[in-house]
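# Observations on chain architecture
So the chains spell out like this:
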Amino acid sequence: MNVLLRFELNVALAALRRIAAHPSRRMTWAVTGAFAVAAIAFDVATSDVASRDLGSWKPSVTAVVIVIAGILALAAFIGARTPLTYGTRAADTIWWHYAGFETGVGQRATTVILTARVTLFVTLGALPIGTLLALAAPQRAGTILALAAAAIADAGDRARFVGFCSAQGRLVRRCAAGRYRRDGSA
Amino acid sequence: MEAETVLSVRGLVRRFGPVRAVAGIDLDVARGEVVALLGPNGAGKTTTLTCVAGLLAPSAGTISVAGDASRSARERRAAYVPEIPIVYDDLTPAEHLAFVAAARGFADRDGVVANALERTGLSELAARPAGTLSKGNRQRLCLAGALVARADVVLLDEPTTGLDPAAQHALVALVRGLAAGGAGVVVSTHALATAFDAADRIVVIVAGRIVLNEPVARFGDLEALRAAYMRVAA
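What you see is a predicted model; the values in this text were computed from it and never measured.

## Description of the overall build of chain B
When helices and strands are tallied, chain B shows eight helices and nine strands. For chain B, long-range pairs separated by at least 24 residues make up 69% of all intrachain contacts whose partners lie at least 6 apart in sequence. Of the roughly 9500 Å² that chain B leaves accessible, carbon and sulfur atoms contribute 52%.

## Observations concerning the nonpolar core
One finds A:W95, B:L7, B:V185 and B:I202 to be the most contacted residues of the largest nonpolar core, which totals 90 residues. Examining the composition of this core, we find that eight residues originate from one element, helix α5 (residues 135–149) of chain B, more than from any other. Excluding residues that lie within four positions of it along the chain, A:W95 makes contacts with B:I86, B:V87, B:Y88, B:H96, B:L97, B:F99, B:V100, B:L141, B:C142 and B:G145.

## Notes on empty space enclosed by the protein
The gaps of empty space that remain are located by a probe, the size of a water molecule, rolled over the atoms. Residue and element names in this part refer to chain B. Enumeration over the complete set of coordinates arrives at one cavity of 30 Å³ or more. Space inside the largest cavity adds up to approximately 40 Å³. In terms of lining residues, the largest cavity is bounded by G136, Q139, R140, L163, A167, A170, L171 and L174. Going through the elements one at a time, α5 and α6 (165–180) are the ones with two or more residues in the lining of the largest cavity.

## A closer look at unusual backbone geometry
Residues and elements named next belong to chain B. Of note in the backbone geometry, A66 takes a positive phi value of approximately 50° without being a glycine. Inspection of the secondary structure puts A66 in the loop between β4 (60–65) and α2 (71–77). The backbone phi angle of A207 is positive, close to 50°, even though this residue is not glycine. With respect to the helices and strands, the residue A207 is situated in the loop between β8 (201–206) and β9 (209–215). Residue classification places A207 among the exposed residues on the basis of a relative accessible area of 57%.

## A closer look at the interface of chain B and chain A
Counting residues at the interface gives 30 residues for chain B and 27 residues for chain A. Taking both partners together, chain B and chain A bury about 2400 Å²; carbon and sulfur atoms supply 64% of that area. When the buried area of chain B at its contact with chain A is split by residue, B:Y88, B:D90 and B:F99 rank highest and sum to 31% of it. Our count for the chain B to chain A interface comes out at zero salt bridges. Joining chain B to chain A, the criterion identifies seven residue pairs in polar contact (both at pLDDT 80 or more). Mapped by element, the contributors of at least two residues to the side of chain B that touches chain A are α2, β5 (78–81), α3 (93–104) and α5 of chain B. Take the side of chain B that touches chain A: its biggest share by element is eight residues, from α3(B).

## Things to note about the sheet that holds strand β1 (residues 5–16) of chain B
Residue and element names in this part refer to chain B. Overall, antiparallel pairing links the three strands, which are arranged β2-β1-β4 in an open sheet. With one partner strand each, in any of the chains shown, β2 (19–30) and β4 form the two edges of the open sheet. Between one strand and the next, the sheet's axes are offset by a mean angle of 15°, whatever the strand orientation. Bridge analysis of β1 against β2 gives nine bridges, and the strand direction is antiparallel. The residue bridging R14 from the neighbouring strand is V22, located in β2. Of the strands in this sheet, β1, β2 and β4 are in contact with helix α1 (residues 45–53), which crosses β1 at around 120°.

## Focus: the sheet that holds strand β6 (residues 153–157) of chain B
All names here are of chain B. Read across the sheet, six strands follow the order β5-β6-β7-β3-β8-β9 without closing on themselves; strand pairing throughout is mixed. Two strands lie at the open edges of the sheet, namely β5 and β9, each paired on one side alone. Along the sheet, successive strands turn relative to each other by an average axial angle of 15°, direction set aside. Sheet strands touched by helix α8 (residues 222–233): β3 (34–38), β8 and β9. Its angle to β8, the strand with the most contacts, is close to 25°.

## Considering the confidence of the model for chain B
Chain-level statistics for chain B give a pLDDT mean of 91 and a share of 99% at 70 or above. In the model output, the complex is listed with pTM 0.70 alongside ipTM 0.82.

## A short note on the pattern of salt bridges
All names here are of chain B. The tally for this structure, following the rule as stated, stands at eight salt bridges over all chains. The partner of R10 in a salt bridge is D28, and the shortest N-O contact between them spans 2.7 Å. With a gap of 18 residues between them, R10 in strand β1 and D28 in strand β2 connect regions that are remote in the sequence. According to the relative accessible area criterion, D28 is partly exposed, its value standing at 29%.

## Quick word on the confidence of the model for chain A
Residue and element names in this part refer to chain A. On average, residues of chain A carry a pLDDT of 59, and 20% of them reach 70 or more. Confidence, expressed as mean pLDDT per element, reaches its minimum in chain A at helix α8 (residues 158–176) with 42 and its maximum at helix α5 (residues 90–98) with 81. In this model, residues 152–186 is a region of pLDDT below 50 whose contacts with residues beyond four sequence positions or in other chains number 69 contacts.

## Looking at α1(B)
All names here are of chain B. The element α1 is extensively covered by neighbouring structure, given that eight of its nine residues are classed as buried. Those residues of α1 that sit buried are K45, T47, T48, L49, T50, C51, V52 and A53. Downstream of α1 by a residue or two, G54 has a phi angle that is positive, lying close to 85°.

Procedures and definitions
- Residues numbered from 1 in each chain as written.
- Chains lettered and ligands numbered in written order.
- Predicted model: local features only at pLDDT ≥ 70, side-chain atom pairs only at ≥ 80, totals over all residues.
- Heavy atoms only, no water.
- Helix = DSSP H or I, 4+ residues; strand = E, 2+ residues; numbered from the N terminus.
- Contact = heavy atoms within 4.5 Å.
- Areas by Shrake-Rupley, 256 points an atom, 1.4 Å probe, with all protein chains shown as cover.
- Core = buried A, V, L, I, M, F, W, Y, C linked by side-chain atoms within 4.5 Å.
- Buried < 20%, exposed > 50% of the residue type's maximum accessible area, 1.4 Å probe, protein only.
- 1 Å grid on protein atoms, 1.4 Å probe; cavity = no way out; pocket = protein on both sides within 12 Å on 5 of 7 lines; lining within 4 Å.
- Points joined across faces, edges and corners; volume = space filled by probe spheres on them.
- Buried area = accessible area lost by both parts, 1.4 Å probe.
- Salt bridge = Lys/Arg side-chain N within 4 Å of Asp/Glu carboxyl O.
- Polar contact = N/O pair within 3.5 Å; in protein donor to acceptor, adjacent residues only side chain to side chain.
- Pairing = 2+ DSSP bridges.
- Axes fitted to C-alpha atoms, helices over the stretch in contact; angles between N-to-C directions.
- pLDDT = per-residue confidence, 0-100.

The structure is reproduced here in C-alpha cells:
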C-alpha cells in the first residue's frame, strides 16, 4: 500500500487510540454519541408519520444517486485542485516535506488523500445531519448544503471539525426539541 | 578547496499585493555552513525561508538547492522547521520518523530512526505522543525529521524563541551537528548570542534586502556583532 495512505491510516488510528485512552475525551465522545442517538430516536419516536415516510419529500432513486455522485465529484474536484497546505492538518505541510512528497497541486498520492478526507468528512459529518434535517424539515435544503460546505472547508482540521460536530450537535438538539417544525419554520 | 554551494538564491523577490516583503536577495550557503539570518520584525526573513523551502512561490528570482532550481527540488531537499514546531499530536516521535524513513525508502528504517532519536536526545521520549512534548522537544523532533530526510538544506525559523538557556544551548549543538553532517543550515533569529554561537556567517536583512553579509569571525565578540547589527538595522 502507498506509504502515504498507510501513514494516513496510522494518524487516524493513533487519534482513535488516544481518544479511547483518554478518560475525558472518551467521556466526551461517549456522551456526544449517546446524545445524538437519543436525539434521533426522540425525533423519530415523537414525530408524526411525516417523519417516517419522509413527508411529502419522495426523492427518486435517480435523485439520490445524483446527489451522492455530486458530493463525491465535488470532493474529488477539491482533492485534485487544492494543495495539501490549505485546509488540512498543519503538520502535513512540514512532515510530508521531510518525507519527500511534493504537496503542490496535482500530485496523485496527495490528491487521493485529500479526496478521501473530504469524502469521509462529508459522508460522516454532513450526510447524517442532512438526513435528519431532511426528515424533520425538507425545506431546509440550504442548511444541508451549508453543512456540506462547512465539512469540506474544515476537512482534515480536527480542532475545527470538532467545532463543526458541536454545531451539528446543537442542530440535533434543536430538532429534538421540536424547534424545527414540520412546516420548516424554526 | 572551496566547499560546494548547496543553496543559491539569486534576485529573490516576493510581493504580497503592493508590498515587497523580499526585494531582491542574493545568498549562497555552502555545505556544512551555518548562516544566521538577522533583521528586525517584518524584514523578510520568514518569507525568504518559506520561499526557499518551496512553501511559497517567489514573485521573481531563482532558488537552487544542490544545483537544481526547480520547486520540486526545494520541496524534496530543503527541510523547514517553523517557529512553532508542528507535529502530529497523536503520533509518537518514533512513528513520525518511521514515516519519513519509509517514504524515503531506506532499507534500515529502524536503524535510521534510532540514530536520529539518539542524535536529537529523544530516545527516551520515542514512545510518547508528540502532543505531550515540550516546545524544545518538538523542535528536536522536527530536526530529527530533517536528519532522517537527509536534507541538503535545513531552514530554522526563530528556533530559540521560548526555549530556556539549556535548551537553547542544546539546539545550537544540534544545528552545528546538522552542518557537520553536510547540510547547509540557515537560521533566522533575533537572538544575537545564538547567531554568534551557532553561525559561520551573519546575514542581516532590512526591508527585504541584505544590508550585511559577513563571516562571524569578522566580529571577534558578541559586542562587536551587536554594534554592527545596530548600525545597519536600527
